[in-house]
Amino acid sequence: MKKTTRLGLAVSLAGLAMPLAAQALDFNGYVRSGIGESTASESQACFQLPGAPSKFRLGNECEQYAELGLRQDLFTMDDGSVLSVEGMAALYNEYDHTPKFTGDHGFARLVQAYAEWSNVAALNNGSLWAGRRFYKRNDIHISDFYYWNQSATGAGIEDVEIGGLKYSYAFSRKDSVFQENYTNRHDFNVGGFDTNAGGELQLGVSYIADPDRGDSNSGWSVTAQHEQADFLGGSNTFAVQYGEGPGTGLGYTGDVSLDESAKSWRVVEFFDWQVTPRFGGQFQVVYQKDKRPDGGEQDWISVGVRPVYALTEEFKLVAELGHDQIDADAGTRKLTKFTIAPTWSPAGPEFWTRPEFRLYYTYAQWNDAAQDAANLMAAGSALSETGAFGSAQHGSNFGVQVEYWWD
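Residues numbered from 1 in each chain as written. Predicted model: local features only at pLDDT ≥ 70, side-chain atom pairs only at ≥ 80, totals over all residues. Heavy atoms only, no water.

A. Main features of empty space enclosed by the protein. Tallied over the entire structure, the rule returns 2 cavities of 30 Å³ or more. Forming the boundary of the largest cavity are W148, Q150, D187, F188, N189, G204, V205, S206, S221, V222, T223 and G251. Taken together, the elements giving at least two residues each to the lining of the largest cavity come down to β10 (185-196), β11 (199-208) and β12 (219-231). Looking at side-chain class alone, the lining of the largest cavity contains 4 nonpolar, 7 polar and 1 charged residues. One number sums up the size of the second largest cavity: a volume of about 40 Å³. Along the walls of the second largest cavity sit F47, K55, F56, N60, G322, D324, L335 and K337, which together make up its complete lining. Secondary structure elements with two or more residues in the lining of the second largest cavity: β17 (315-328) and β18 (331-344). Counted by class, the lining of the second largest cavity contains 3 nonpolar, 2 polar and 3 charged residues. (1 Å grid on protein atoms, 1.4 Å probe; cavity = no way out; pocket = protein on both sides within 12 Å on 5 of 7 lines; lining within 4 Å. Points joined across faces, edges and corners; volume = space filled by probe spheres on them. Helix = DSSP H or I, 4+ residues; strand = E, 2+ residues; numbered from the N terminus. Nonpolar A, V, L, I, M, F, W, Y, C, P; charged D, E, K, R; others polar.)

Below you can see the structure in the form of C-alpha cells.
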C-alpha cells in the first residue's frame, strides 16, 4: 500500500475520532474471520462458477475481511438538520497468507469518506452529501450479490419528500476505489410508491456518459423493485433490471467499449422468513441474460436457500444449498454446493442475529463445461484442473468462521 494511502487513511479516521463537545460518535462495522482447509490440500479452495457474478457464501469464503467505520455528528442546527462526516476502512486478506492487508494477497482501503447534511427542512427532510460513500446498496445476503448498487465517489441529493414520494439524484465518477478510470454517471431514484399493505415500489434510472476514451460509448439502465414487509415473518424483494451498452453493468458502470447492441436484463427474487423465533432463513432466485454482438452471450441462473433452525436459544444448525448454471456458446456450466454448519449464536436464535461462530463442512460438484471454463478463465481456482482438486469434478472444505456486524 502506498505511503500516501496509509497517511490518508490514518488522518481521516483519526479526525473522525476527535471528540467534539456534546456530539455523538458512532462506531459501526463488520468482521468476518476464520480458517479452513480442503480435503485435497492444506488451503481452503472456494467454489465459484466461472462467469457467475456471485457465489453462495456459507463455508465458501477464503479471506479475512473487516469494515470499520466512524460517523461523527458535527453540528445540529436550529431547524433540526445535522451536519455529519463518516469514514470507513476496509481490510482484506486471503487465507494462508500473513495478514499484512497489502500486496498481492490483501488490501487496506478507505472505502467511505464523505460529509452529509441530513434532515434539511428546505429539502423536505432530504439530505445533501459529497465524497466517497456506500449509497443505495441492495444485495442478497446468502450470495453477497449486490445486484443494484449505486455506491460512488461523487455528490447528491437524497430522499427529498414530495407528494408522499422520495426523490434522489447522484452524480458520480467512480463506482469504488477499484475502478481505474473516471466515468461520469447519473443516478435518479424515486421511492415510496405504496402498492399494497406493507408493499413499496422503487424505480431507478442510471445514465453513463461516454468518457471519450477511444472506442467508448454511453449507456443506460433501469431498475424497478418491489419490497414487501411482513412476509412469512420476514420480507420479500422482487426486482427487474435492463441495461444497454455500459449500462449492462446493471447497477454499476459497465464496460464503456460496449455500444447499444450489447444488452442485459435480470430478474431477482429473494425472501427472508422467520416463521418462528427458532426457524428462519433466506431463499433466492436470480436470472440474467446477456446479449453481446461478438457472440459472447450467456444466460445465468442462480438458485439457493439457507435454512436456519435453532436447537436452543444459542445453538443453531445452519445449512445452505446453492446451484449456479450458465448457458454459453461453449456449453452449459453447472456448479452445485452444499454446506452444513453447527453454529453458536450468543445473541439469539434468529436468522439475522450476530455474532455467529460456525464449524462448517462444504461439498461441491461441477461438470466438464465448468472445468473447461475454469481452465481458461480462472486457472488455479477450485474448479480448474490446476486447482486443489486437480481433474476431479468435486471437492470438500471444512473450517471454522466468525461473522459479526454492529451499528
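B. The arrangement of the domain arrangement of the protein chain in detail. The domain boundaries assigned to the protein chain delineate domain 1 (27-50 + 58-76 + 82-116 + 307-406) and domain 2 (119-295). Using C-alpha coordinates to define each centre, domain 1 is positioned 23 Å away from domain 2. Taken together, the contact between domain 1 and domain 2 spans 27 residues of the former and 23 residues of the latter. For the pairing of domain 1 and domain 2, the buried interface totals around 2100 Å² over both sides, and the portion due to carbon and sulfur atoms is 52%. Seen at the junction of domain 1 and domain 2, the total is 1 salt bridge. For the salt bridge of R278 with E313, the shortest nitrogen-to-oxygen distance reads 3.4 Å. On the surface where domain 1 and domain 2 come into contact, there are 11 residue pairs in polar contact (both at pLDDT 80 or more). Mapped onto the side of domain 1 that touches domain 2, the elements with two or more residues apiece are β4 (106-120), β16 (298-310) and β20 (394-406). Among the elements that make up the side of domain 1 that touches domain 2, the one with the highest residue count is β4 (9 residues). The residue makeup of the side of domain 1 that touches domain 2, split by class, is 16 nonpolar, 2 polar and 9 charged. (Domains from an automatic or database assignment. Contact = heavy atoms within 4.5 Å. Buried area = accessible area lost by both parts, 1.4 Å probe. Salt bridge = Lys/Arg side-chain N within 4 Å of Asp/Glu carboxyl O. Polar contact = N/O pair within 3.5 Å; in protein donor to acceptor, adjacent residues only side chain to side chain.)

C. Structural detail: a nonpolar patch on the surface. Taken together, the side chains of L232, V275, F279, Y309, L311, F315 and L317 present a nonpolar region at the surface, about 590 Å² in accessible area. Along the chain, the position of Y309 falls in strand β16. (Patch = residues over 30% accessible without salt bridge, like charges linked within 9 Å, V, L, I, M, F, W, Y side chains within 5 Å. Areas by Shrake-Rupley, 256 points an atom, 1.4 Å probe, with all protein chains shown as cover.)

D. Representation of the side chain of S143 in the model. Residue placement: S143 occurs in the loop between β6 (137-140) and β7 (145-149). We classify S143 as buried; its relative accessible area is 3%. Of the polar contacts made by the side chain of S143, one reaches the side chain of Q284; its length is 2.7 Å. In contact with S143, other than residues within four places in its own chain, are S54, K55, F56, R57 and Q284. (Buried < 20%, exposed > 50% of the residue type's maximum accessible area, 1.4 Å probe, protein only.)

E. Representation of the nonpolar core within the structure. Counting 34 residues, the largest nonpolar core has F47, I140, Y147, W366 and L383 as its most contacted members. For this core, the elements supplying multiple residues, two or more each, are β7, β14 (263-276), β16, β17, β18, β19 (356-366) and α2 (368-377). Both of domain 1 (27-50 + 58-76 + 82-116 + 307-406) and domain 2 (119-295) provide at least three residues apiece to this core. In this view, I140 contacts F145, Y147, V268, F270, Q282, Q284 and V286; residues no more than four positions away in its chain are not counted. In terms of nonpolar packing, the next biggest core, distinct from the first, is built from 6 residues, Y65, M88, F107 and V111 among them. (Core = buried A, V, L, I, M, F, W, Y, C linked by side-chain atoms within 4.5 Å.)

F. Just the packing of aromatic side chains, in detail. All told, the structure shown has 23 aromatic pairs when counted by the stated rule. Seen in terms of ring centroids, F145 and Y147 are 6.5 Å apart; in terms of plane orientation they differ by 50°. Their pairing is tilted. Comparing F145 with Y147, the two get one shared label, buried. When the centroid spacing of 6.1 Å and the interplanar angle of 50° are considered together, the rings of F271 and W273 count as tilted. Of the two residues, F271 and W273, neither departs from the other in class, the shared state being buried. The aromatic ring of W129 is capped on one face by R133, whose charged end is 5.1 Å from the ring centroid. The lysine or arginine in question, K174, covers the ring of Y182, its NZ or CZ lying 5.8 Å from the ring centre. (Phe/Tyr/Trp six-rings, centres within 6.5 Å; stacked < 30°, edge-to-face > 60°. Lys NZ or Arg CZ within 6 Å of the ring centre and 35° of its normal.)

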